[in-house]
Amino acid sequence: MHILGISGSLRKDSFNTAALRACTGVLPPGVTMSIFDIAPIPLYNEDLRAQGLPEPVQQLREQIRAADALVIATPEYNYSVPGVLKNAIDWASRPPEQPFDGKPIALIGATPGGLGTSRAQYHLRQVFVYLNGQVLNRPEVFISGAPNKFDADGRLTDAATSENLGKMLAVLVERAKRSAG
Ligand SMILES: Cc1cc2nc3c(=O)[nH]c(=O)nc-3n(C[C@H](O)[C@H](O)[C@H](O)COP(=O)(O)O)c2cc1C
């Protein structure tokens, strides 16, 4: 079982990327996880697509396809999904054989604010309705007050959040096993 993590933040000290790294420390036994860097993905342009999918987009699509499940960590920008993350999803979603179809997906998010990216996550759920991603309904993971839950090196220090991530990953892996039949 392999999980692919995608962070919707490009910044070096991102809480969302740090939350994905924290996931790698609480994986169920026998499960591996890697994190895809969406920074090299260009802005979506149908003219570019007509010339063939850019290399980073091909890599993203292949890694999504090869993964048994996804964990997507979204920041919340203006109550919604950051453009860079939506852009990566838009590229990956183009036919043929869009790789989100039927894929088990867990959404998480971290913010210094109080509502834990809930508004962004609900927008992201809506996107995956169209793409037929199998987004977990629960447990939900909303990491609020992030600067108090990660240390200066981006390590998760909050035990309750770590426990929540572990529970979510266990549910995600069970879902992926059922999907695999
Ligand atoms: C353009 C912009 C809009 C933002 N809007 C929100 C928001 O609606 N809700 C929120 O909780 N935080 C908002 N923030 C603050 C982000 O949650 C914060 O920058 C966070 O650290 C971003 O995630 P990262 O640490 O993974 O980069 C916004 C930040 C930016 C740059």
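This one's a predicted model, so the numbers in the text were calculated from it and none came from an experiment.

Visitor: Hey, could you run me through the pairing of strand E3 (residues 69-73) in this one?
Guide: Working note: regular strand, side chains alternate between the two faces of the sheet. By the criterion of burial, E3 is predominantly enclosed, with five of the five residues buried. Neither face of E3 is open: one carries Ala69, Val71 and Ala73, the other Leu70 and Ile72, and all of them are buried. Here strand E1 (residues 2-7) pairs with E3 via five bridges, running parallel. Across the sheet, residue isoleucine 6 finds its bridge partner in E3, namely isoleucine 72. Across four bridges, the pairing between E3 and strand E4 (residues 104-110) is parallel. Among the inter-strand pairings, isoleucine 72 is bridged to a residue of E4, identified as leucine 107. For the crossover from E3 across helix H4 (residues 83-92) to E4, the handedness is right-handed.

Visitor: In this structure, what is going on with the pairing of E4? I would like to understand it.
Guide: Summarising burial for E4: seven of the seven residues are buried, a large majority. Of the two faces of E4, the one holding Pro104, Ala106, Ile108 and Ala110 and the one holding Ile105, Leu107 and Gly109 are both buried throughout. One ladder, built from two bridges, connects E4 with strand E5 (residues 134-135); its direction is parallel. Each residue of the ladder has a partner; that of isoleucine 105, found in E5, is valine 135. In this structure, E4 lies alongside strand E6 (residues 141-143), joined through three bridges in parallel fashion. Within E6, the position partnered with alanine 110 by the bridge is isoleucine 143.

Rules and cut-offs
Residues numbered from 1 in each chain as written. Predicted model: local features only at pLDDT ≥ 70, side-chain atom pairs only at ≥ 80, totals over all residues. Heavy atoms only, no water. Buried < 20%, exposed > 50% of the residue type's maximum accessible area, 1.4 Å probe, protein only. Helix = DSSP H or I, 4+ residues; strand = E, 2+ residues; numbered from the N terminus. Pairing = 2+ DSSP bridges. Right-handed = clockwise from strand over helix to strand, strands pointing away.

Purely geometric stuff here, so don't read any function into it on its own.
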